[in-house]
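Working through the structure, step by step
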Amino acid sequence: MRVLLLGGPKFVGRAVIEAALARGHEVTLFNRGQTNPELYPDVERLVGDRDGGLDALRGRSFDVVVDTSGYVPRVVRQSAELLADAVDRYVFVSSVSVYASFGASMTEAGPVAMLDDPATEDVQAAYGALKAACEAVVEQAFPDRALHVRAGLIVGPWDPTGRFTYWPHRVARGGDVLVPGALDRPVQLVDVRDLASWMLDATAVGPVNATGSWTMRDVFDASRSVSGSDAQAVEVDERFLVAREVGQWLELPLWVDTHDPEWGSLMDVGVSRADAAGLRLRPLEDTVRGALAHAEPVDGVGLTAERERELLAAWRAGGQSPAGGS
């Protein structure tokens, strides 16, 4: 296939390039030329800007476009409308964050978040609603020809966020490791390599919750096995952590309080459509190896050693209830 990647070779884009080249596809990159420009010197590069600088794409045609860098509907509309008659299929990397609420497990039929201000382009404040609006823009330009990839937490080699990477590196250091809630608490994530391969191979259209389902025990055990560490998990009640204002998702990655009425099921979305559409997941141990070898911890993501010691000491000193208990 002739594959157009809208975005750079940073993380998801890098995995898409690798998967496409491995399949013998012809790859063209369109981006500003600022991210890892030294990679893939034999791949065609078109330099431009998604916001008003699309001239390099005019007159070109492709079999599929993979959009890893769409966050604002106004900007996404420009490329989607330009490519509507030049591309057979549009793969838009969206997010499970599009849903209006996570008070219960969400399927693709669930309501999506709406923008309070349709003119906003504040991605940090309205990330999920903006992604949902981008999906609508793409669907208008590519009716029944677009795959909306509602990805869960994307992890693995070259992950710049540290949100999964914290765990393999922390477990590798050994000792007592604070684990939020019960070890059997569900977590969802998808290896970037599996996601990239599936996006290129899939024939599905419409929204798909593209993620895999595990437990925190699976993550811990895989990290311990791969690193060979002596780490021991200490399950700490979620309400204890909330009471001590431990930051969810960033200060303590892979954790959102399961008692939260709006967010408690963030990592428990329905994945039956992804299974049916052929998303295949590698063993978690392989994902851990990729993170240990090619992804570094990120400052400000994950508990500091001092904070973890303080919390464990307070937990042990107080009246401990079961980690998932009442």
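This report concerns the structure included in the present document. (Residues numbered from 1 in each chain as written. Predicted model: local features only at pLDDT ≥ 70, side-chain atom pairs only at ≥ 80, totals over all residues. Heavy atoms only, no water.)

**Let's talk about the environment of Gly-162**
Inclusion rule: What counts as a helix is a DSSP run of H or I of at least four residues, what counts as a strand is a run of E of at least two, and both are numbered from the N terminus. The contact criterion used throughout is that any non-hydrogen atoms of two residues lie within 4.5 Å.
When you line up the elements, Gly-162 lands in the loop between β7 (153-155) and α4 (166-173). Between the alpha carbons of Gly-162 and Val-112 there is a distance of 27 Å; along the sequence they are 50 residues apart. Contact partners of Gly-162, with chain neighbours within four places excluded, come to Pro-253, Val-298 and Val-301.

**Focus on unusual backbone geometry**
What counts is decided by this rule: Type-normalised accessible area, obtained with a 1.4 Å probe on protein chains alone, sets the label of each residue: buried when under 20%, exposed when over 50%, and partly exposed for intermediate values.
Positive phi values are uncommon outside glycine, yet Asp-144 reaches one of about 60 degrees. The backbone phi angle of Leu-254 is positive, close to 60 degrees, even though this residue is not glycine. With respect to the element layout, Leu-254 can be found in the loop between α7 (238-243) and α8 (272-276). Taking relative accessible area as the criterion, Leu-254 reaches 0% and is therefore assigned buried.

**A look at the sheet that holds strand β10 (residues 206-210)**
Applied cut-off: We treat two strands as partners when DSSP finds at least two bridges between them. Fitted lines through C-alpha atoms serve as axes, helices being fitted only where they are in contact, and the angles separating the N-to-C directions of these axes extend from 0 to 180 degrees.
The strand order across the open sheet formed by seven strands is β3-β2-β1-β4-β5-β6-β10, and the pairing between neighbours is parallel. Strand pairing shows two members of the sheet lacking a second neighbour, β3 (44-47) and β10, which therefore form its edges. Across this sheet, the average inter-strand angle for adjacent strands is 20 degrees, counted without regard to direction. Looking at chain direction, strand β5 (residues 87-93) and strand β6 (residues 146-151) are connected through four bridges and run parallel.

**Describing the sheet that holds strand β11 (residues 212-215)**
Read across the open sheet, the three strands follow the order β7-β9-β11; overall the sheet is mixed. Edge strands, defined here as strands with exactly one partner in the open sheet, are β7 and β11. Averaged over all adjacent pairs, the angle separating strand axes in this sheet is 50 degrees, with direction ignored. Where helix α6 (residues 216-227) meets the sheet, it contacts β9 (186-191) and β11, and its direction lies at approximately 80 degrees from that of β11.

**As for the nonpolar core**
Going by this rule: Put simply, buried Ala, Val, Leu, Ile, Met, Phe, Trp, Tyr and Cys residues joined by side-chain atoms within 4.5 Å make one nonpolar core.
In terms of nonpolar packing, the biggest core is built from 35 residues, with Val-66, Leu-147, Val-149, Ile-154, Leu-195, Trp-198 and Met-199 touching the most fellow members. Mapped onto this core, the elements with two or more residues apiece are β1 (2-6), α1 (12-22), β2 (26-31), β4 (62-67), β5, β6, α5 (192-201) and β10. Every residue in contact with Leu-195, bar those within four places of it in the chain, is listed here: Val-149, Ala-151, Ile-154, Val-190 and Ala-210. The next biggest cluster of nonpolar side chains, apart from the first, holds 34 residues, and it includes Met-216, Trp-255, Leu-303 and Leu-312.

**Some points on the pattern of salt bridges**
As a reminder, the rule being used: Here a salt bridge means any side-chain nitrogen of Lys or Arg lying within 4 Å of a carboxyl oxygen belonging to Asp or Glu.
The tally for this structure, following the rule as stated, stands at 18 salt bridges. Across the pair Glu-308 and Arg-170 runs a salt bridge whose closest N-O atoms are separated by 2.9 Å. On the criterion of sequence distance, the pair formed by Glu-308 in helix α10 (residues 305-317) and Arg-170 in helix α4 is long-range, its members being 138 residues apart. For the pair formed by Glu-308 and Arg-170, the shared burial category is buried. Between Asp-191 and Arg-193 there is a salt bridge; the shortest N-O distance is 2.8 Å. Classification of Asp-191 as buried rests on a relative accessible area of 2%. In this structure, a network of salt bridges that share partners links the residues Asp-191, Arg-193, Asp-194, Arg-282 and Asp-286.

**Here's the deal with the packing of α4 against helix α9 (residues 284-294)**
The cut-off we apply is this: Any angle that is under 35 degrees is reported as roughly parallel, and any over 145 degrees as roughly antiparallel; angles of 65 to 115 degrees are reported as roughly perpendicular and all others as oblique. Following the grouping adopted for this structure description, the nonpolar residues are Ala, Val, Leu, Ile, Met, Phe, Trp, Tyr, Cys and Pro, the charged ones are Asp, Glu, Lys and Arg, and the polar ones are all others, Gly among them.
Here α4 crosses α9 at 85 degrees, and the two axes come no closer than 9 Å. The angle between the axes of α4 and α9 places the two elements in the roughly perpendicular class. Contacts between α4 and α9 involve Pro-168, His-169 and Ala-172 from the first element and Val-288, Ala-291 and Leu-292 from the second. Tallied by class, residues from the contact of α4 with α9 come to five nonpolar, one polar and no charged.

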